[in-house]
Amino acid sequence: MVVCFAFGYCYSVIVIRSPFLYFSFLCTVNCVFYIASTFTLLMKISRTVKTLLLGIPIGVTLLDSVGYIARVDGISMQPALNPDLVTDYVFLSSWAVRFNNISRGEVVTVISPRNPKQKIIKRIVGLEGDLIKTRGFKKPVVRVPDGHCWVEGDHVGHSVDSNTFGPVSLGLVTAKATHIVWPPRRWQSVECKIPEDRYPLEFH
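This write-up is about the structure you can find in this document.

Cut-offs and rules
Residues numbered from 1 in each chain as written. Predicted model: local features only at pLDDT ≥ 70, side-chain atom pairs only at ≥ 80, totals over all residues. Heavy atoms only, no water. Buried < 20%, exposed > 50% of the residue type's maximum accessible area, 1.4 Å probe, protein only. Helix = DSSP H or I, 4+ residues; strand = E, 2+ residues; numbered from the N terminus. Pairing = 2+ DSSP bridges. Phe/Tyr/Trp six-rings, centres within 6.5 Å; stacked < 30°, edge-to-face > 60°. Patch = residues over 30% accessible without salt bridge, like charges linked within 9 Å, V, L, I, M, F, W, Y side chains within 5 Å. Areas by Shrake-Rupley, 256 points an atom, 1.4 Å probe, with all protein chains shown as cover. Salt bridge = Lys/Arg side-chain N within 4 Å of Asp/Glu carboxyl O.

Extensive coverage of strand β7 (residues 148–152) is indicated by the burial of 4 of its 5 residues. Sheet topology note: the β7/strand β8 (residues 168–169) ladder contains 2 bridges and is antiparallel. Paired with C149 across the strands is V168, a residue of β8.

So, in structure tokens, the structure goes:
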């Protein structure tokens, strides 16, 4: 390229006797190349954006139907989650609850009956038909209605759960917490169990 430039410059001085014209020509050529490269870059960006936009619905569908990782906030599920002020991140399986396929003792996320914009994480203590001895609810004993479940936090006295708002519709259950994925020292599956003192008085 340097040789071509030197040759062109000498040719313009000796033959054309106008270095100015040559430099003008070079500027024009550079502008053309710059415009062409910019256009190519814009086309690549356009294709990338198009690919991303097409991928967004797929990603959203994947999250809705398979699962995702989420941070656990608060102390309502201690000691199972967030022990000793450690913030746990869990894998939430949407696939596991797609047909209301839930069991007693599982930890699930629920759309809060008190605030539809908020999701809470609780343990399922009772299913439809079970007779539950409540803690501080307006009724000392509750029969879980059809299509509902009874959820509680493990940390007694530090949880807003069914003892506050009553049985929860199964349609509000969004995912099952299957594994703690972060921090590394907390890698483990989320245990499925009901505290000994919270077993239903009657099973359906």
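Now for the environment of G171. Positionally, G171 belongs in the loop between β8 and β9 (173–182). Overall, G171 belongs to the exposed group, its relative accessible area being 62%. Each C-alpha atom, one on G171 and one on C149, is 10.0 Å from the other, the two residues being 22 residues apart in sequence.

Our next topic: unusual backbone geometry. Cis geometry marks the peptide bond from Q78 to P79; its omega dihedral reads 5°. With respect to the helices and strands, P79 occurs in the loop between β1 (67–71) and β2 (89–93). Omega for the bond connecting W182 with P183 falls within 30 degrees of zero, at 0°, which places this linkage in the cis form. Here P183 lies in the loop between β9 and β10 (188–189). In this structure, N82 takes a positive phi of about 55° despite not being glycine.

Turning our eyes to something else, we now look at the packing of aromatic side chains. Per the stated rule, a full pass over the model turns up 1 aromatic pair. Ring centres 5.6 Å apart and planes at 85° place the aromatic pair F137 and W150 in the edge-to-face group. Placement of F137 in the loop between β5 (131–133) and β6 (141–143) and of W150 in strand β7 is noted, with a sequence separation of 13 residues between them. For F137, a relative accessible area of 15% puts it in the buried group.

A few words on a nonpolar patch on the surface. Side chains of I69, Y89, W182 and W187 sit close together on the surface and give an oily, nonpolar patch of about 480 Å² of accessible area. W187 sits in the exposed class, given a relative accessible area of 57%.

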